[in-house]
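Given next are the chains, with one letter for each unit.
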Amino acid sequence: IEKTAAQPPQTVGFGVGDVTVYVHIGEAIDGEKEKARLQKELESVSPYIASLEKKMATEQFVAHAPQAVIEAEKKKLEEAKQKAIQLQKQLTDIH
């Protein structure tokens, strides 16, 4: 285990709270296949985010839905946004 400020080469980073853990992958993972997988996952999260944002922007939904439902939708939206950020970071981290 080594403490570092920059991402070492041939690693993939995973965020855990405020800490990023880098795992050495070397040649174990095909970088192009991993990029394609991450891109596909990101493309599936983006429409989900858009649908949640559209729902939350609908005045009728916000005015009539129970507060617990609104809070649950907000939580889903925040989690989806965080996932998209993480996926984008992983895409850019693959060397």
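Before any of the text, the structure's been laid out above.
A brief structural summary. (Residues numbered from 1 in each chain as written. Predicted model: local features only at pLDDT ≥ 70, side-chain atom pairs only at ≥ 80, totals over all residues. Heavy atoms only, no water.)

**Quick word on the overall build of the chain**
Rules: A run of H or I in DSSP counts as a helix once it spans at least four residues, and a run of E counts as a strand once it spans at least two, with each numbered from the N terminus. We call a residue buried when its accessible area falls under 20% of the maximum for its residue type, exposed when it is over 50%, and partly exposed in between, using a 1.4 Å probe and counting protein chains only. Note on contacts: a residue pair qualifies if any of its non-hydrogen atoms lie within 4.5 Å across the two residues. Method for areas: the Shrake-Rupley scheme with a 1.4 Å probe, in which residue coverage is limited to the protein chains shown.
Each helix and strand counted, the chain has three helices and two strands in total. Put simply, the chain runs from its N terminus to its C terminus through helices and strands in the order β-β-α-α-α. Residues counted as buried form 25% of the 95 residues belonging to the chain. A separation of at least 24 residues holds for 52% of the contacts in the chain among residues at least 6 apart in sequence. As displayed, the chain offers around 7,100 Å² of accessible surface, 57% of which is attributable to carbon and sulfur atoms.

**Structural notes on the nonpolar core**
Formally: For the purposes of this section, nonpolar cores are sets of buried Ala, Val, Leu, Ile, Met, Phe, Trp, Tyr and Cys residues that join through side-chain atoms within 4.5 Å.
Counting residues in hydrophobic clusters, the biggest one holds 14 residues, and the most contacted among them are L38, L42, V45, I49, L77, A84 and L87. Of all the secondary structure elements, the ones that give two or more residues to this core are α1 (31–57) and α3 (67–93). Those residues in contact with V45, other than ones at most four positions away along the chain, are A80, K83, A84 and L87.

**Details of α1**
Short version of the rule: What a helix is expected to span follows from its residue count: subtract one and scale by 1.5 Å.
Here α1 is 27 residues long and its end C-alpha atoms lie 38 Å apart, about the 39 Å a rise of 1.5 Å per residue gives. All of the buried residues in α1 are E34, L38, L42, V45, I49, L52 and M56.

**Side note on a nonpolar patch on the surface**
How we decide: Only residues whose relative accessible area exceeds 30% and that take part in no salt bridge are eligible for patches, with like-charged residues grouped when within 9 Å of each other and nonpolar side chains (Val, Leu, Ile, Met, Phe, Trp, Tyr) grouped when within 5 Å. A carboxyl oxygen of Asp or Glu within 4 Å of a side-chain nitrogen of Lys or Arg is what we treat as a salt bridge.
On the surface, F14, V19, V21 and V23 cluster together to form a nonpolar patch covering roughly 310 Å² of accessible area. Sort the elements by how many residues they give to the nonpolar patch and strand β2 (residues 19–24) lands first, with three residues. Among the secondary structure elements, V21 is positioned in strand β2. With relative accessibility at 38%, the residue V21 sits in the partly exposed group.

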